[in-house]
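# Structural features, examined
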Amino acid sequence: EDTIGKIAAGEVIERPASVVKELVENALDAGARSVRVEIRAGGRELIRVSDDGHGIPAEELPLAIQRHATSKVTRFDDLARLTSYGFRGEALASIAAVAELRIVSRPPDSPHAASLVSRNGRVEPPTTVPAAPGTTVTVRDLFAHVPARRAFLRQDHTEAAYVQRVVQACALAAPEVRFELVSDGRTVLATDGSGDLGNTIVGVFGPDIAAEMVPIVPPADDEHDPERPAVTVSGYVGLPTLTRGNRQHIILLVNRRWIESRSLTFALEQAYHSLIMVGRFPVAVLHITVAPERLDVNVHPTKREVRFSDERLVFAAIQRAVRGTLTQHTP
Ligand code: ADP
Ligand code: MG
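Here is what the cut-offs are and how they apply
- Residues numbered from 1 in each chain as written.
- Chains lettered and ligands numbered in written order.
- Predicted model: local features only at pLDDT ≥ 70, side-chain atom pairs only at ≥ 80, totals over all residues.
- UniProt positions renumbered as here; feature names shortened; annotations may be inferred.
- Pairing = 2+ DSSP bridges.
- Helix = DSSP H or I, 4+ residues; strand = E, 2+ residues; numbered from the N terminus.
- Axes fitted to C-alpha atoms, helices over the stretch in contact; angles between N-to-C directions.
- Contact = placed C-beta atoms within 7 Å.

Going by an unreviewed UniProt entry, the chain carries the name DNA mismatch repair protein MutL and comes from Sphaerobacter thermophilus. Under Sequence similarities (unreviewed entry), UniProt gives the following word-for-word description of the chain: "Belongs to the DNA mismatch repair MutL/HexB family." Among the UniProt annotations of the chain, the heading Function (unreviewed entry) holds the following wording: "This protein is involved in the repair of mismatches in DNA. It is required for dam-dependent methyl-directed DNA mismatch repair. May act as a 'molecular matchmaker', a protein that promotes the formation of a stable complex between two or more DNA-binding proteins in an ATP-dependent manner without itself being part of a final effector complex."

## Looking at the pairing of strand β8 (residues 178-183)
For strand β1 (residues 34-40) and β8, the ladder comprises six bridges, and the chain directions are parallel. Paired with Arg36 across the strands is Glu180, a residue of β8. Strand direction decides the pairing type here: β8 and strand β9 (residues 186-190), joined by four bridges, are antiparallel. By the bridge assignment for β9, Ser183 is matched with Arg186. Between the antiparallel neighbours β8 and β9 lie two residues, among them Asp184 with a positive phi of about 50°.

## So, the sheet that holds strand β13 (residues 257-259)
Reading across the sheet, the five strands line up as β10-β11-β14-β12-β13 and stay open at both edges, with mixed pairing between neighbours. Of all the strands in the sheet, just β10 (213-215) and β13 have a single pairing partner and so form its edges. Strand-to-strand twist across the sheet, computed as the mean angle between neighbouring axes with direction ignored, equals 25°. Where strand β11 (residues 231-238) and strand β14 (residues 284-290) come together, seven bridges link them in antiparallel fashion. Within the sheet, the bridge partner assigned to Val237 lies in β14 and is Ala284. Contacts from helix α7 (residues 197-205) reach β10, β11 and β14, with the element oriented near 45° to β11. Packed onto the sheet, helix α9 (residues 262-271) meets β12 (250-254) and β14 and runs at close to 120° relative to β12.

This is how it looks when you write it as C-alpha cells:
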C-alpha cells in the first residue's frame, strides 16, 4: 500500500511546484481572499500555504488526507460542470505519501483550530491548537524517502523559479485574491487582491515590466458572426519593445485555469512576427474564455493540458486580439 501510494503520488507530485499548485488550488476552492505561500530551499525543505478560506471541520480532517476523499464532487455528472479546481481527492493523500504533512485548520465559526500531522504516511491523532480562521498546510522534507524523485529535482533556485511561476499564474488567474510568495525569507511576489488585472501584473512582474504592457483591445464585435461569444480573449500584452530571452513571461489562462499550450503560444508569438527579433519572446497575460462544453480539462491528473473541441477558433481569436492591440500601439 505504501508503495502504491508513492507511485500514484508521483503522477501528481513531481516537484515542489506541483505541491504548491495543489495547495493553492485548495485554498482558492475554499473561497480564500488571501493566500500566502512560503518556501525554503526551493520547497525541498519547507512549503507552507496559508489561507483565510472556509477551513476543514476537525472531524473531517483525517478524511481530507485519505485517497479519493473529496468534498467537492457529489454526483458523477458534476464533473462536466466543474467549477472547483480539485475533484479527485488525491492531492493531500499524494503529498502525505512523499513528505511530512501538517494541516492546521479552523472554520470561521469554530472556536479553535485542529491540527493533523502525517509522517511517512503515518497519521498522528489530531490535536486542538490556537490559530486564526482558515487553513495552513505545511509540507516538510519533500521526497526525503523517495530517492528516485529526489535525484530528479533541480537546483534550489530552479525549483524556486518553478514555484514562482505557479504562484504568478494563480495570482493572475484570480486578481481578486491577495497573493504573497516568500522564498527563503524574501518576498518575491505580492498582489493587492483589488480585482484589477493591471494592478495584479504590477505585483507579479513588477512595475517596470507592467509599465510596458497594454490592455488587449477587444476586437470589433461582429453581430453576424455565428460563433460570437464562443471565444473571448482579454488581458495584457507587452509592447514589442518589451522582450525576454525565454517564455517565462507568457501566461495563458483558459477559463481561469493556467494552461501550457505550444500551439496557442505559437499563435501569440506569430502575432508579434517581424515586430520582435528572432530568439526573443513577448510578455503576455491572456485570459481566454470558452464555453465549458468546448473544453476538456480532464486530460491529465495535473490538468495543465486542455483540449478544445475547435482549437483553430481559439488560435484565431488570440491572433485577432493581439494583432489588433499591437497595431494601435505601433507607429
Ligand atoms: P480535492 O481538492 O480534489 O477535493 P485534495 O486532496 O486536494 O482533494 O483535498 C481533499 C479535501 O480536503 C478537499 O476536498 C477539501 O474538503 C479539504 N481541503 C483541502 N485543503 C483545504 C483548504 N485549504 N481549505 C479547506 N478545505 C480544504
Ligand atoms: Mg485539491
